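Chains, contacts and geometry: an overview
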Amino acid sequence: MKTYVISLADSLERRRAAAEQLSQAGVNFEFFDALRCDIRQLVYFSRYDEREYVLNCGRPAAMGEVGCYASHKMLWQRCVDDDEPVMIMEDDFLLADHFHEAACHAERLVHEYGYIRLQTERRATRRLVRHDGQFSLVRYSKVPHSAMCYVISPSVAARLLRRADVLDAPLDVMVKKNWEHGCQIYGLMPYSVSEHCLSKDTTIPGRARYKKPVLVSLRRAIRKLVWLARQRQFGRLMPGD
């Protein structure tokens, strides 16, 4: 299975740390030079819907955020073109000792389950799908944020590409809205990837919280309730296990 690490070409410290860890884990990989996108000159999206973006995440898009999303899209397209699953990582990861075994196990399952996270999470809700030896596969009824490490199949990559035509949310927010793209999101436990201390020095500035207008806050609160209802309905309609 091909493994890609999304990284800015000039992020030398992150690249060094990523390469050392993957080499020690015995994983072959290649760096994908993260894209730098100008929101005023969109190339990788048909359009930018700022109103929806603000409602989906509470603020307008940050430039580095758009480039990160576009980078994932390019790798999804490679996955579809090559017609084989891939592992996609972002360069601020910290690998657990069992990462190699987890990656191999995820590769065996991805054709059946489509999208499998290997990254830790804290606030997701999930239920057990299957247990195989040291690993358990869970399905999220509340999908966690972040896309630091996951395995994806060509069919799921194609679905996400169709949903990602319009830029109206950050990458991980779009992925967690599974009722829109129709793909279940799974996780492999025990998790084998967490955040490296290098992640504190973000390469995506402009994502700081700010005081939202009252009307925007109210609309977002209503939207979150709608999301919760749709997530539950999607889980009932598509058990998929």
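One can find the structure itself at the top, above this paragraph.
Below is a summary of the structure that appears in this document. (Residues numbered from 1 in each chain as written. Predicted model: local features only at pLDDT ≥ 70, side-chain atom pairs only at ≥ 80, totals over all residues. Heavy atoms only, no water.)

With that settled, consider helix 2 (residues 50-57). Side chains of residues three or four places apart in an α-helix project in the same direction, reflecting 3.6 residues per turn. With six of eight residues buried, helix 2 is to be regarded as a mostly interior element. Every buried residue of helix 2 is accounted for by Glu 52, Tyr 53, Val 54, Leu 55, Asn 56 and Cys 57. (Buried < 20%, exposed > 50% of the residue type's maximum accessible area, 1.4 Å probe, protein only. Helix = DSSP H or I, 4+ residues; strand = E, 2+ residues; numbered from the N terminus.)

Turning to the pairing of strand 11 (residues 186-189), a few remarks are in order. Pairing geometry for strand 6 (residues 115-117) and strand 11, over two bridges, is parallel. Note on strand 11: the bridge partner recorded for Arg 117 is Gly 187. (Pairing = 2+ DSSP bridges.)

All right, on to a positive patch on the surface then. A surface patch of positive charge is lined by Arg 122, Arg 123, Lys 142 and Lys 224. Position of Arg 123 relative to the elements: it lies in the loop between strand 6 and strand 7 (125-132). (Patch = residues over 30% accessible without salt bridge, like charges linked within 9 Å, V, L, I, M, F, W, Y side chains within 5 Å. Areas by Shrake-Rupley, 256 points an atom, 1.4 Å probe, with all protein chains shown as cover. Salt bridge = Lys/Arg side-chain N within 4 Å of Asp/Glu carboxyl O. Lys, Arg positive; Asp, Glu negative; His and termini not counted. Charge placed at Lys NZ, Arg CZ, Asp CG, Glu CD.)

A word on the sheet that holds strand 2 (residues 30-33). Read from one edge of the open sheet, eight strands run 2-1-4-9-6-11-8-7, paired in mixed fashion. What marks the edges here is a single partner per strand, and that holds for strand 2 and strand 7. For this sheet, the mean inter-axis angle between neighbouring strands, taken without regard to orientation, is 30°. Against the sheet, helix 4 (residues 99-113) engages strand 4 (86-90), strand 6, strand 7, strand 8 (135-142), strand 9 (149-152) and strand 11, with an angle of about 100° to strand 7. (Axes fitted to C-alpha atoms, helices over the stretch in contact; angles between N-to-C directions. Contact = heavy atoms within 4.5 Å.)

With that settled, consider the pairing of strand 9. Side chains of strand 9 alternate between two faces, with Cys 149 and Val 151 and Tyr 150 and Ile 152 buried alike. In the sheet, strand 6 pairs with strand 9 via three bridges, with the strands oriented antiparallel. For Ile 116, the partnering residue across the bridge sits in strand 9 and is Val 151.

Time to look at the packing of aromatic side chains. Within the structure shown, the criterion is met by five aromatic pairs. Between Phe 29 and Phe 31, the aromatic rings sit 5.1 Å apart at their centres with planes inclined by 90°, giving edge-to-face as the arrangement. Judged by its relative accessible area of 26%, Phe 29 is partly exposed. Assessed through its relative accessible area of 25%, Phe 31 is described here as partly exposed. (Phe/Tyr/Trp six-rings, centres within 6.5 Å; stacked < 30°, edge-to-face > 60°.)

Attention now goes to the pattern of salt bridges. In this structure the tally under the stated criterion is 17 salt bridges. Here Arg 47 and Asp 49 are joined by a salt bridge, their closest N and O atoms 3.7 Å apart. With a closest N to O distance of 3.4 Å, Glu 180 and Lys 177 form a salt bridge. Judged by its relative accessible area of 3%, Lys 177 is buried.

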